[in-house]
Amino acid sequence: MRVVRPTDPRRIGKHRKVLVERRGLAALARVGCVWLVLAWTAAAGLLPYRVRVWTTEDGLPQNWVECIVQSRSGHLYVGTRSGLVRFDGTEFTAVAPAGSQPEFRQASCQALLEDGEGSLWIGTKQGLARWRHGSYEQFGQDTGLGSAEITALVESGGGLWIGTMGGLSRWERESGRFTTYGNRIRHGEMVRGLAAGASGELWVGSYAGLHGFDSATGQFFDAGAPGQGPVETGPEGVACLRLDRQGRLWWGTAGGLAWKDRAASDRGVRSGRESLARRVGSARVGVGAEMEGREDEPAGPLPELEAPPEVGWVQALLEDARGTLWVLGTGGVACWTRSGWVQPELSEATAGVTFRCAVEDREGNLWLGTQRHGLWRLRPQPVRMWDRRHGLCHDEVWSLCESRAGGVWVATSEGVARLWNGRFEAPAFASEAAGLSLRAVWEDRTGDLWLGAADRDFVHYHHTGGGYVRVAKPAVHPQTLAIYEDRAGAIWIGTKGGVMRLVRRPRDYQTAEGAWLHETHGEQWLYRPGEIRYLAEGEQWIGRQGVWWLDGDATGRTYPTAELGQVVQKAWTKEIPSGQLTSYVVHTLLEDRAGAMWFGTRGGGLNRLQGGAFRAYTTREGLSSDDVLALHEDADGTLWVGTRAGLTRVRPGRFGWTG
């Protein structure tokens, strides 16, 4: 048999440009358009979802969908008010098993379940059917069911619990017989929802409220606190039930959502001194009361749960593979995550849509059945887009960097902003940076912010307790292309006319305005064509053609590089690099795990500074192009080099091109 999945690639909608969020981002990325690529985590919230809708125009027999289940074969079975269909992601096929009665083929399908043996159980207004290995059986009230109209199905303990208009029924796999417990629920109300726990507990929802059922005695009991009667559910009773992985019982009512801290298989349900549910606004939530457990159970508090977003009359509940609880009703969709309540971001408007059922398939897609609006698929989008409409400074994004305070700094062609909790926040110096056409952004380990512009000197904002202070620095060239911080805390600036290295050398100094600042990078090295300069606290040592001299030295003496450390007795004596870059237009910077600095240049290939000497790698050594745009070192120590002519993989000790 060909295995078909309901997420057929032929049904995928159009793609969109995106800006995605990643936690733990520490790398500088040059994007050059509205695409910003980052990974998403649950802590940041839900993934955005793209919605695809199928209606009668696509072959669905009826736009009122009551139930959905995915079979082992990967097909989706969809129950509508005009019968059952099988969906392979492309086409709907009516399910009318051989031997089925004519009224069954068009009957309103209200409940579906595939049991542990692979049998498909179909609950309709005309009875219960089992479809197994091509054979078909139909059961009615004459076989022992409480009613021919089936409302809910759940598998538990070697059998099937069946909710009907006439009460609760049980089918035992071993005997193949039905037992009905109808009319023992208060007022003989119909069963509207069922939930079975792993330890055998069964919860029953009806118009009369929420009930527990003791299968050993065949008795129903009120699910409220002992001595307090049933849990209040309002005149419409319980519409749906769900037991989550932590044993919490959730149920939907006309007033919203309700829950119990823990379900138990007997009447000793752990309960609070107050009612287990109370009204908060238009929602129903748990109470943070001290618990009175059984003698063999320690007491503990019920966790607080704030009111969810308004979803109206809750019709369906679903816990997905990530542990998110989806609450669907007559007024929309809300989700309970580890971070609290979240309104999922959907590409389709939900106003006026009533959701009746929900299921998650094995590929992580959510399928929702609606009342008069067809079948919906919610496909998680691995990417999310932000642009000017969401507060982005400009749609042309060049660089991004993680912020120590949380979120991501985004550098654009018209300024910089921090993306935090899905919103863009302008920094305190936004007015100063508004006119900057930025190409690079970096927040260092001290919280200082470094901005590189396309048409003026780079900008350094020192982070203080009172905010950011702009610190003037001499630059190699007015066009910055890359900013990078090495493991020693030095800041490297790549420009169109050389490289700048700012070494951590803290000092306090007074500005022209009289303010005192604590400088964190008071030592600078400038690598320019034909020369290297060292600057620190008024000293300017300039090296050209192997000779160094102190700018402003009254003696005017010059010193060969080899003799500098011996002749000039200065505390700042540093290792002086030999050689020079093959190109001073530097697009990208990287420090590898061995401590070597790599420079990706325009036209000069890849340059390495290690052991006080420069070395170049170009197309002669196997580089795919001498225009290097991106660098990355992976966990194996392999260097990946992005160029204008492809990708080069540089393994330790050798070059190799990869397609």
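Asker: Can you walk me through the sheet that holds strand β16 (residues 202–206) in this structure?
Answerer: Two pairing modes exist for strands in a sheet, parallel and antiparallel, and in both the strands are linked by backbone hydrogen bonds. Taken in spatial order, the four strands line up as β15-β16-β17-β18 in an open sheet, and their pairing is antiparallel. If you trace the sheet from one side to the other, it starts and ends with β15 (191–196) and β18 (219–222), each paired once. Each strand axis lies, on average, 30° off the axis of its neighbour in the sheet, ignoring direction. Across four bridges, the pairing between strand β17 (residues 209–214) and β18 is antiparallel. Paired with histidine 211 across the bridge in β18 is aspartate 222.

Asker: What am I meant to see in the pattern of salt bridges here?
Answerer: Pairs can form between side chains of opposite charge whenever their charged atoms are close. Tallying each qualifying case throughout the model produces 21 salt bridges. Here glutamate 117 makes a salt bridge to arginine 173, at a shortest N to O gap of 3.5 Å. One end of the pair, glutamate 117, is in the loop between β7 (109–114) and β8 (120–124); the other, arginine 173, is in the loop between β13 (167–172) and β14 (178–180), and 56 residues separate them in sequence. With a relative accessible area of 35%, glutamate 117 lands in the partly exposed category. With its nearest N and O atoms 2.8 Å apart, the salt bridge here joins glutamate 485 to arginine 445.

Asker: What's the story with the pairing of strand β31 (residues 366–370) in this structure? I'm lost.
Answerer: On a regular strand, one side chain projects to one face of the sheet and the next to the other, so that they alternate. Taking burial as the measure, the five residues of β31 include five buried ones, the bulk of the element. The alternating pattern of β31 places Leu366, Leu368 and Thr370 on one face and Trp367 and Gly369 on the opposite face, and all of these are buried. Connecting the antiparallel pair strand β30 (residues 355–360) and β31 is a turn made up of five residues, with glycine 364 showing a positive phi of about 90°. In this sheet, strand β32 (residues 375–380) lies alongside β31 in antiparallel orientation, the contact comprising four bridges. Bridging from a neighbouring strand, glycine 369 pairs with leucine 375 of β32. Joining the antiparallel neighbours β31 and β32 is a turn of four residues, in which arginine 372 adopts a positive phi near 80°.

Asker: Looking at this structure, I do not really get the sheet that holds strand β6 (residues 92–94). What am I missing?
Answerer: In spatial order, the strands read β3-β4-β5-β6; together these four strands make up an open sheet with antiparallel pairing. Each having just a single partner strand, β3 (65–70) and β6 make up the two edges of the open sheet. Adjacent strand axes in the sheet meet at a mean angle of 25° when their direction is disregarded. The sheet contact formed by strand β5 (residues 83–87) and β6 spans three bridges and is antiparallel. Residue pairing across strands places arginine 86 opposite threonine 93, the latter belonging to β6.

Asker: Even after reading the chapter, I still don't get unusual backbone geometry, so can you show me in this structure?
Answerer: Negative phi values dominate among residues other than glycine, just as trans dominates among peptide bonds. Its identity as a non-glycine residue notwithstanding, arginine 372 has a phi of 80°, on the positive side. On the secondary structure map, arginine 372 appears in the loop between β31 and β32.

Asker: So what exactly am I meant to see when it comes to the packing of aromatic side chains here?
Answerer: Each pair of aromatic rings is reported with the distance of its centres and the angle of its planes. On inspection of all chains with the given rule, the structure shows 26 aromatic pairs. With 4.2 Å between their ring centres and 15° between their planes, phenylalanine 87 and phenylalanine 92 make a pair best called stacked. The two residues phenylalanine 87 and phenylalanine 92 agree in class, both being buried. The interplanar angle of 90° and the centroid separation of 6.5 Å between the aromatic rings of tryptophan 386 and phenylalanine 424 together place this pair among those described as edge-to-face. With tryptophan 386 in the loop between β32 and β33 (397–402) and phenylalanine 424 in strand β36 (residues 423–425), this pair connects stretches of sequence that are 38 residues apart.

Asker: Just checking my understanding: could you explain the nonpolar core for this structure?
Answerer: Proteins that are soluble and globular tend to have nonpolar side chains buried together. Counting 61 residues, the largest nonpolar core has Leu451, Trp492, Tyr527 and Phe599 as its most contacted members. Among the nonpolar cores identified, the runner-up in size contains 16 residues, and Ala316, Trp326, Val333 and Leu368 belong to it.

About the cut-offs
Residues numbered from 1 in each chain as written. Predicted model: local features only at pLDDT ≥ 70, side-chain atom pairs only at ≥ 80, totals over all residues. Heavy atoms only, no water. Pairing = 2+ DSSP bridges. Helix = DSSP H or I, 4+ residues; strand = E, 2+ residues; numbered from the N terminus. Axes fitted to C-alpha atoms, helices over the stretch in contact; angles between N-to-C directions. Salt bridge = Lys/Arg side-chain N within 4 Å of Asp/Glu carboxyl O. Buried < 20%, exposed > 50% of the residue type's maximum accessible area, 1.4 Å probe, protein only. Phe/Tyr/Trp six-rings, centres within 6.5 Å; stacked < 30°, edge-to-face > 60°. Core = buried A, V, L, I, M, F, W, Y, C linked by side-chain atoms within 4.5 Å.

Nothing here speaks to function; it is geometry throughout.
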